[in-house]
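Residues per chain are reported as follows:
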Amino acid sequence: MSFLDNFKGNQYKAELEKLRQEYEHLQAFITPEMQDALKIKTEIERLQNEQAIEQQKLNDLKSTFTARTNEIRNLESLIQQKNKQILYLDEEILVQEFGLYKPQYDFASALDYKEALTSIRATQKELIKNKEAVTGDTQWEVNGNKAKGKKMVTDTQKLLLRAFNVECDELISKVRYTNFDASLNKINKSAEAISKLGTIMNISITQQYLNAKKKELRLAFEYQLKKQQEKEEQKAARAEQREQAKLQKELDEQRKKIEKEQTHYQTAFEKIKSQLELHPDNSDLLEKKNQIENHLLDVDKALSDIDYRQANMKAGYVYIISNIGAFGENIYKIGMTRRLNPQDRIDELGDASVPFNFDVHAMIFSDDAPALEAALHKAFEDRKLNMVNKRREFFYVTLDEIKDVIKKNFDKTVEFTDIPDAEQYRVSQKMRGQEVNLPMSNQNLAEQSIENKSVSTTKQTENTQLLYTKWGVYEMPEPYHINFKKGHQTNLKEVNL
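Residues numbered from 1 in each chain as written. Predicted model: local features only at pLDDT ≥ 70, side-chain atom pairs only at ≥ 80, totals over all residues. Heavy atoms only, no water.

Novice: Where do I start with a positive patch on the surface in this structure?
Specialist: Taken together, the side chains of K231, K235, R238, R242, R391 and R392 present a region of like positive charge at the surface. Take R392: it is sitting in the loop between α10 (369-379) and β6 (394-396). (Patch = residues over 30% accessible without salt bridge, like charges linked within 9 Å, V, L, I, M, F, W, Y side chains within 5 Å. Areas by Shrake-Rupley, 256 points an atom, 1.4 Å probe, with all protein chains shown as cover. Salt bridge = Lys/Arg side-chain N within 4 Å of Asp/Glu carboxyl O. Lys, Arg positive; Asp, Glu negative; His and termini not counted. Charge placed at Lys NZ, Arg CZ, Asp CG, Glu CD. Helix = DSSP H or I, 4+ residues; strand = E, 2+ residues; numbered from the N terminus.)

So this is what it looks like as structure tokens:
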């Protein structure tokens with residue numbers, strides 16, 4: 001350490017000592033009151049600093065509170081929107097559970113359900129009449145007047161009950177498969193809302209009246225189901241009657257035709273017999289006699305078949321058909337017809353309601369066609385496209401699965417067509433310039449079948465490509481070309497209208 005540093009250190013010590021002495025001297029002049037004031041001032045400054053810090057924290061909390069309040073409002077608005085969407089989502093979920101409703105009542109007809117609805121509505125009227133539909137505290141006073149208080153409670157009861165009934169009637173009138181559970185829940189929620197609105201006066205819907213409304217909802221729903229069921233049964237019965245009438249008409253016409261042939265051959269046979277009596281050794285006459293006898297045997301057999309079909313109404317054809325243009329692959333209709341010519345029924349199914357005709361994969365004649373059809377339907381019960389309407393006989397299965405079931409339930413050989421012709425569908429695809437998708441294992445077979453029928457034979461001319469089919473000759477479509485030419489411009493303001 002240098003001399004200069006020592007000198008400065010001694011100087012600082014001297015100044016510090018001098019300041020200390022001055023402080024003690026001044027301290028002697030300060031009274032206790034002044035010392036207390038100084039302490040108070042120091043404490044005030046400390047508290048002011050703390051206040052500033054806490055005020056800053058408070059401002060921060062206010063800002064946070066405001067932000068959270070805005071978030072809560074936004075969330076409440078979002079919740080309201082979601083609650084509105086929940087009703088639609090509930091209905092979509094119920095659509096997925098379509099047909100799973102278990103009826104609570106087992107009435108034989110829709111008329112019985114209608115009578116039950118009338119009875120439950122009469123019960124509700126009786127509950128209202130006996131003041132057992134809604135509760136309330138009638139001990140209220142209005143300006144010290146009990147009569148006015150009782151009237152106010154009674155009027156409020158009528159108002160809330162009316163609102164509840166209106167909402168229930170609206171739900172009951174529109175109940176269906178897709179919204180039954182949602183409607184039942186809304187009735188319960190409506191009763192709860194009435195109770196909340198009438199809390200002050202102890203007004204609420206009684207459980208007995210609420211149960212009556214829920215029972216009415218179930219009865220109304222099942223009434224609609226029963227009406228629809230009876231409608232489907234009547235429709236099926238009418239279809240069966242039409243089918244039976246067509247069958248009877250076919251049998252009568254076929255019988256007349258065959259009897260006419262029988263008369264014709266019988267007359268010819270009598271003439272041949274007369275000629276043979278004159279010329280017994282004529283070989284031509286003997287040959288004609290044998291031919292006519294064979295024809296008469298065929299006629300007798302045909303008449304026997306008609307008698308059998310008329311006597312045995314269970315005899316008929318079970319058909320396996322598809323329509324890949326309308327429904328896609330592996331969708332088959334399995335049905336039954338008693339027609340003499342089953343193809344007539346197939347042609348009726350392929351009317352204007354579907355874009356393409358049906359293709360027949362198998363046509364099976366059975367002495368008990370309903371039993372064979374029922375066996376096939378039962379085997380593929382869980383593969384139906386329409387699980388509700390049993391008259392819709394479409395199934396998502398493979399042809400091999402159908403063959404297996406038929407082998408187990410039918411003891412005769414059945415001829416199947418594995419690849420459907422689907423002629424109009426394949427021609428339409430060809431005209432669009434799309435590749436026709438066929439199973440690879442049967443590609444050659446299908447191409448040969450189409451080629452033999454001249455379905456997709458095309459010829460190239462100079463200007464257009466033609467497609468030759470059994471329905472006619474069509475020009476293959478070409479891409480559209482639009483030419484834009486810039487023409488004379490017209491000023492619409494100068495046009496005299």
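Novice: Teacher, can you tell me more about the sheet that holds strand β4 (residues 331-337) here?
Specialist: One open sheet holds the 4 strands; their spatial order is β5-β3-β4-β6, and the pairing between them is antiparallel. The open sheet terminates on both sides in strands that have one partner only, identified here as β5 (359-366) and β6. When the angles between neighbouring strand axes are averaged without regard to direction, this sheet yields 25°. Bridge analysis of strand β3 (residues 316-322) against β5 gives 7 bridges, and the strand direction is antiparallel. Paired with I320 across the two strands is A362, which belongs to β5. (Pairing = 2+ DSSP bridges. Axes fitted to C-alpha atoms, helices over the stretch in contact; angles between N-to-C directions.)

Novice: Explain the layout of surface pockets here, please?
Specialist: Over the atoms, a rolled probe matching the size of one water molecule traces out where space is still vacant. Reported here for the largest pocket is a volume of approximately 1100 Å³. Lining of the largest pocket is provided by 30 residues; of these, A239, K333, R345, R391 and E393 occupy positions nearest its centre. By residue number, the principal contributor to the lining of the largest pocket is helix α6 (residues 207-278), which donates 7 residues. A breakdown of the residues in the lining of the largest pocket according to their chemical character gives 9 nonpolar, 4 polar and 17 charged. What the second largest pocket holds in volume is close to 810 Å³. Contributing to the lining of the second largest pocket are 25 residues, with Y177, L225, Q228, Q229 and V388 lying nearest its centre. Here the element with the most residues in the lining of the second largest pocket is α6; it accounts for 10 residues. Class assignment for the residues of the lining of the second largest pocket results in 13 nonpolar, 4 polar and 8 charged. (1 Å grid on protein atoms, 1.4 Å probe; cavity = no way out; pocket = protein on both sides within 12 Å on 5 of 7 lines; lining within 4 Å. Points joined across faces, edges and corners; volume = space filled by probe spheres on them. Nonpolar A, V, L, I, M, F, W, Y, C, P; charged D, E, K, R; others polar.)

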